[in-house]
Amino acid sequence: MSLYDDAVLVLKSYEDQTDLRQSYLDHLAAHPDGMWKSCHAGHVTASALVIDPEHGRVLLTLHKKLRMWLQMGGHCEPEDTSLETAALREATEESGITGLTLLPGGPVRLDRHPIPPPCHCHYDVQYAVLAPPGAVQEISDESLDLRWFPYDEVPSVADDSVLRLLEATRARL
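This text gives an overview of the structure that appears in the document. Sequence order sets the numbering: in each chain, residues are counted from 1 along the sequence as written. Given that this is a predicted model, residues contribute local features only at a pLDDT of at least 70 and side-chain atom pairs are listed and counted only at 80 or more, while totals for whole chains, interfaces and linings are drawn from all residues. Values shown for side chains rest on all heavy atoms present in the structure; no hydrogens or waters enter the calculation.

**With respect to the overall build of the chain**
The following threshold applies: In DSSP terms, a helix is any run of H or I states spanning at least four residues, a strand is any run of E spanning at least two, and both are numbered starting from the N terminus. The size measure is the radius of gyration over C-alpha atoms, and the globule rule it meets is 2.2 Å times the number of residues to the 0.38 power. By the convention used here, residues are in contact when the closest approach between their heavy atoms is within 4.5 Å. The charge count includes Lys and Arg as positive and Asp and Glu as negative, but it does not include His or the ends of the chains. Every charge is mapped to an atom, namely NZ of Lys, CZ of Arg, CG of Asp or CD of Glu.
Counting its regular elements, the chain contains five helices and eight strands. If you list the helices and strands of the chain from N to C, you get α-α-β-β-β-β-α-β-β-β-β-α-α. For 173 residues, the compact-globule estimate of 2.2 N^0.38 gives 16 Å, and the chain sits close to it at 15 Å. Considering only C-alpha atoms, the chain reaches an extent of 45 × 30 × 30 Å along its principal axes. Pairs at least 24 residues apart make up 67% of the contacts formed inside the chain by residues separated by at least 6 positions. Taking the average location of the 14 positive side-chain charges in the chain and that of its 27 negative ones, the two points are 4 Å from each other.

**A few points about the side chain of Ser 161**
Put simply, the rule reads: Relative accessible area decides the class of each residue, using a 1.4 Å probe on protein chains only: under 20% of the type maximum gives buried, over 50% gives exposed, and in between gives partly exposed. Polar contact is defined as a pair of N or O atoms within 3.5 Å, subject to the rule that within protein one atom must be able to donate a hydrogen and the other to accept it, and that residues adjacent in sequence are counted only when both atoms are side-chain atoms.
Mapped onto the elements, Ser 161 comes out in helix 5 (residues 160–172). Judged by relative accessible area, Ser 161 falls into the buried class, the value being 13%. Within the local environment of Ser 161, its side chain forms a polar contact with the side chain of Asp 159, the two groups lying 2.7 Å apart.

**Focus: the pattern of salt bridges**
Where we set the bar: Criterion for a salt bridge: a side-chain nitrogen of Lys or Arg within 4 Å of a carboxyl oxygen of Asp or Glu.
For the structure on display, the rule yields six salt bridges. A salt bridge links Arg 89 to Asp 80, with the shortest nitrogen-to-oxygen separation between them at 2.8 Å. In this structure Asp 80 comes out as buried when scored by relative accessible area, which is 7%. In this structure, Arg 147 and Asp 145 form a salt bridge, with 2.6 Å as the shortest nitrogen-oxygen distance. On the basis of relative accessible area, Asp 145 is assigned to the partly exposed category, the value being 24%.

**Focus on the packing of aromatic side chains**
Threshold: Only the six-membered ring of Trp is used, alongside the rings of Phe and Tyr, when aromatic pairs are assigned; centres must lie within 6.5 Å, and planes under 30 degrees apart are stacked while those over 60 apart are edge-to-face, with the rest tilted. A ring is scored as having a charge over it whenever the NZ atom of a lysine or the CZ atom of an arginine sits within 6 Å of its centre and within 35 degrees of its normal.
Following the criterion strictly, the structure yields two aromatic pairs and no others. Its end group placed over the ring of Trp 148, Arg 57 keeps NZ or CZ at 4.0 Å from the ring centre.

**Some words on helix 5**
This is how it is decided: Take the residue count of a helix, subtract one, and multiply by 1.5 Å to get its expected span. By definition, the arc is the one covered by directions from the helix axis to the C-beta atoms.
With 13 residues, helix 5 extends 18 Å between its outermost C-alpha atoms, agreeing within 8% with the 18 Å of an ideal straight helix rising 1.5 Å per residue. Residues Ser 161, Val 162, Leu 165, Leu 166 and Thr 169 constitute the buried set of helix 5. Buried positions in helix 5, seen along its axis, are confined to an arc of 135 degrees and lie on one side of it. Those residues of helix 5 that are exposed and aimed more than 90 degrees away from the buried face are Asp 160 and Ala 171. Where helix 5 is buried, its residues contact strand 1 (43–52), strand 2 (57–63), strand 3 (69–70), strand 6 (109–114), strand 7 (121–130) and helix 4 (154–157).

**Topic: the nonpolar core**
The nonpolar side chains of a soluble globular protein tend to be buried, and buried together. Inclusion rule: To qualify as a nonpolar core, a set must consist of buried Ala, Val, Leu, Ile, Met, Phe, Trp, Tyr and Cys residues joined through side-chain atoms within 4.5 Å.
Formed by 34 residues in total, the largest nonpolar core has its most connected members in Met 35, Val 50, Leu 83 and Val 125. At the level of secondary structure, the elements contributing two or more residues to this core comprise helix 1 (3–13), helix 2 (18–30), strand 1, helix 3 (83–95), strand 7 and strand 8 (143–150). Val 125 has contacts with Leu 11, Tyr 24, Val 44, Thr 45, Ala 46, Ser 47, Leu 83, Pro 107, Arg 109 and Leu 110, leaving out every residue within four places of it along the chain.

**Structural notes on the pairing of strand 7**
How we decide: Any two strands between which DSSP finds at least two bridges are classified as paired.
The element strand 7 is largely enclosed, with a buried count of nine among its ten residues. The pairing of strand 1 with strand 7 spans nine bridges and is parallel. From the neighbouring strand, Ala 48 faces strand 7, where its bridge partner is Tyr 127. Sheet topology places strand 6 next to strand 7; six bridges connect them, and they run antiparallel. Residue Arg 109 lies in a different strand from strand 7, and its bridge partner there is Gln 126. From the end of strand 6 to the start of strand 7, which pair antiparallel, there are six residues.

This is the structure we're talking about:
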């Protein structure tokens, strides 16, 4: 199965955010290349919130280009076989943590947001991953910083999209 086909199946089975979910499906139907960064009309991305429920904290990255505290994530790559593997790959690469595991149940949220040209939009499919006990992070070239934040500190450092993702993740836990 192609990554495109996986994305369509994942989105069709996602039961929340029905209007937004439909806009993702409509975008993919209109753009067969909608999984890739080269699709300037917008493209699907995969991200994951790294969470440590035992210690009540999340790992956020200070994004190098945007200079914002965000969850790990980014563009799909040709070697990705599913949105889940793309999100897990991105979380592992950007956090430096091995042994991350996806929170069961598929995507936690969808978040469509504008980005600077030449592209116009990211159709982000957001997952959550659980950090293993004793996880040690390592900053990547894509980040200015990488830091654990207690749940109650996230609203003071991150935007509403990250806060909504944290709330949805905690509700699933």
